[in-house]
Amino acid sequence: MVFTPDIQAFCCHYTSQQTIAEGKEGLKEDGMPENVTLNRVVCTGKLQISTLLKAFENGADGVYVAGCPTDTCHNIKGSQRAAKRVAAIKKALSELGVEPERIEMFHLERGFHPEFIEVARKMNQRITDLGPCPLKGETK
Amino acid sequence: MIIAERKPINEILDMVSDDEKILLLGCRGCVSVCSTGGEREVEILASLIKLGMKKQGKSVEIIEGTLVRQCDREYIDSIDQWKGQYDAILSMACGVGVNFIANFRPSTKVYPAVNTSFFGGSPEQGVWTEQCAGCGDCILHLTGGLCPVARCAKSLMNGPCGGSVNGRCEINPDVECIWQSIYDRLGRTGNADAMQKIAPIRDWSTAGHGGPRKVLRDDLTV
Ligand code: SF4
Ligand code: SF4
């Protein structure tokens, strides 16, 4: 059976701005996988660990955060904080015996950038290869 | 305040493996301040337990609650709001909180979700260091305000020992030799002579070596 992962992306206002301005159709044309759900937040530094864990609870197979480059975050340290929280979840996933690569932090240039689509495709490939998330309690 | 650290998730999953309904109980006191067992951490641990159980093919119901403190009887009594809704309590307070639940709820199962580490402070965000060991007979007036009981690896009363090198402790160069710092501080405050005084052999009965301790304030007991 073909496996289409549920991927939840959390992007800040700035990394996703122009790309979202294109609309769903525009994104699709650019090659954005349709199974990647975009969740916009004002700043990735606002993301709590519990919000990212809830995504897994709600059935995500993979989760990623796209924030500003570490040294040019609009809110100075927002994306650095997000990266630390993602790292904490990676550790927790390892403790639970789940591949830590199921969650990732990406630091992207702001505004329109092909990397925004690229990381979505990269995560989609990675999670497709890993298969369904074991935290869903279903056997692979 | 009391500094604590969450236990490894698998140790917690083992504790609760036979319980279907868990009251996960945070504390708004010390453990909230050190970001280990407050409301936010309760939410995170609840998610981790649910995910971990699901992975094992089990389901669990978690009630999330946070008390003002778990080290006062009046707040422990407020646990009754969840009466009959759980099989066991998983406390995110320090060991005092877990003991208090056990003391006052004799037939309730209670587990610790954190390791109670020490009495300490936070010199910078995300870092906590031990400062006091609660010895019950404070001598900080003799040691320039720096505690040799908690901060000297050997709890020496007449330090430093021969292992002090360039202000560092012999157990690890990352550890400050507190006796060197005591000497430096006494010098800066015009008290260097105090180093010459020999501290007498200490009576450690106040430090817990005489059994569990108790403080009674008669003026407060009515
Ligand atoms: S139960 Fe422990 S952590 Fe909570 S306030 Fe009391 S001493 Fe602090
Ligand atoms: S001497 Fe005793 S009470 Fe005073 S700081 Fe040290 S351990 Fe705490």
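See the structure printed just above.
### Points about the overall build of chain B
Here is step 1: Within chain B one finds seven helices and nine strands.
Here is step 2: A compact globule built from 222 residues should have a C-alpha radius of gyration of about 17 Å, whereas chain B, at 22 Å, is more than 25% larger.
Here is step 3: Its C-alpha atoms give chain B principal-axis dimensions of roughly 65 × 45 × 25 Å.
Here is step 4: Residue burial in chain B is summarised as follows: out of 222 residues, 38% are buried.
Here is step 5: Pairs at least 24 residues apart make up 57% of the contacts formed inside chain B by residues separated by at least 6 positions.
Here is step 6: Carbon and sulfur atoms form 50% of the exposed surface of chain B, whose accessible area is close to 12700 Å².
Here is step 7: Side-chain charges of chain B comprise 24 positive and 27 negative groups, with the mean position of each set lying 0 Å from the other.

### As for the sheet that holds strand β6 (residues 114-124) of chain B
Residue and element names in this part refer to chain B.
Here is step 1: In spatial order, the strands read β1-β6-β7; together these three strands make up an open sheet with antiparallel pairing. With one partner strand each, in any of the chains shown, β1 (2-6) and β7 (127-132) form the two edges of the open sheet. Across the sheet, the mean angle from the axis of one strand to that of its neighbour is 70 degrees, orientation sign disregarded.
Here is step 2: Both β6 and β7 contribute to a ladder of four bridges, which runs antiparallel. Opposite G121, over in β7, you have T129 as the bridge partner.

### Examining helix α5 (residues 114-130) of chain A
Residue and element names in this part refer to chain A.
Here is step 1: Here α5 contains 17 residues, and its C-alpha end-to-end distance of 25 Å stays within 8% of the 24 Å for a straight helix at 1.5 Å per residue.
Here is step 2: Along α5, the residues that are buried comprise F116, I117, V119, A120, M123, N124, I127 and L130. Down the axis of α5, the smallest arc covering the buried residues is 160 degrees, so these residues share one side.

### A look at the site of ligand 1
Here is step 1: As a matter of local geometry, ligand 1 sits amid B:I2, B:C27, B:G29, B:C30, B:V31, B:R69, B:Q70, B:C71, B:A93, B:C94 and B:G97.
Here is step 2: Of the residues in the shell around ligand 1, the class split is seven nonpolar, three polar and one charged.

### Remarks on helix α3 (residues 49-57) of chain A
Here is step 1: In terms of burial, α3(A) is largely enclosed, as seven of its nine residues are buried.
Here is step 2: Turning to α3(A), its buried residues are A:I49, A:S50, A:L52, A:L53, A:A55, A:F56 and A:E57.
Here is step 3: Where α3(A) is buried, its residues touch β1 (7-12), β3 (62-67), α4 (78-95) and β4 (103-107) of chain A together with α3 (39-55) of chain B.
Here is step 4: The positive-phi residue at the C-terminal boundary of α3(A) is A:G59, with phi of around 105 degrees.

### Focus on the side chain of B:R202
Here is step 1: With respect to the helices, strands and loops of the structure, B:R202 is situated in the segment after α7 (178-188).
Here is step 2: The residues contacting B:R202, other than those within four sequence positions of it, are B:C135, B:D137, B:I139, B:V149 and B:M157.

### Details of a negative patch on the surface
Here is step 1: Taken together, the side chains of A:E22, A:E25, A:E29 and A:D30 present a region of like negative charge at the surface.
Here is step 2: Within the element layout of this structure, A:D30 appears in helix α2 (residues 23-30).

### Topic: the interface of chain A and chain B
Here is step 1: At the junction of the two partners, chain A supplies 17 residues and chain B supplies 16 residues.
Here is step 2: When chain A packs against chain B, the two sides together hide about 1500 Å² of surface, and 57% of this comes from carbon and sulfur.
Here is step 3: In terms of surface lost to chain B, no three residues of chain A exceed A:E57, A:E95 and A:L96, which account for 40% of the buried area on that side.
Here is step 4: The tally of links between chain A and chain B comes to two salt bridges.
Here is step 5: For A:E57, the salt bridge is made with B:K50, and the minimal N-O distance between the two is 3.6 Å.
Here is step 6: For the side of chain A that touches chain B, the secondary structure elements donating two or more residues are α3 and α4 of chain A.
Here is step 7: Counting residues per element, the side of chain A that touches chain B draws most heavily on α3(A), which supplies six residues.

### A look at empty space enclosed by the protein
All names here are of chain B.
Here is step 1: Per the stated rule, a full pass over the model turns up one cavity of 30 Å³ or more.
Here is step 2: Taken as a whole, the largest cavity holds about 120 Å³ of empty space.
Here is step 3: Lining the largest cavity we find 15 residues, and of these C152, A153, C161, C169 and C177 sit closest to its centre.
Here is step 4: Of the residues contributing to the lining of the largest cavity, the split by class is nine nonpolar, two polar and four charged.

Reading the values: the criteria
Residues numbered from 1 in each chain as written. Chains lettered and ligands numbered in written order. Predicted model: local features only at pLDDT ≥ 70, side-chain atom pairs only at ≥ 80, totals over all residues. Heavy atoms only, no water. Helix = DSSP H or I, 4+ residues; strand = E, 2+ residues; numbered from the N terminus. Rg over C-alpha atoms; globule rule 2.2 N^0.38 Å. Buried < 20%, exposed > 50% of the residue type's maximum accessible area, 1.4 Å probe, protein only. Contact = heavy atoms within 4.5 Å. Areas by Shrake-Rupley, 256 points an atom, 1.4 Å probe, with all protein chains shown as cover. Lys, Arg positive; Asp, Glu negative; His and termini not counted. Charge placed at Lys NZ, Arg CZ, Asp CG, Glu CD. Pairing = 2+ DSSP bridges. Axes fitted to C-alpha atoms, helices over the stretch in contact; angles between N-to-C directions. Expected span 1.5 Å × (residues − 1). Arc of directions from axis to C-beta. Near = heavy atom within 4 Å. Nonpolar A, V, L, I, M, F, W, Y, C, P; charged D, E, K, R; others polar. Patch = residues over 30% accessible without salt bridge, like charges linked within 9 Å, V, L, I, M, F, W, Y side chains within 5 Å. Salt bridge = Lys/Arg side-chain N within 4 Å of Asp/Glu carboxyl O. Buried area = accessible area lost by both parts, 1.4 Å probe. 1 Å grid on protein atoms, 1.4 Å probe; cavity = no way out; pocket = protein on both sides within 12 Å on 5 of 7 lines; lining within 4 Å. Points joined across faces, edges and corners; volume = space filled by probe spheres on them.

Just distances and angles here, no functional claims.
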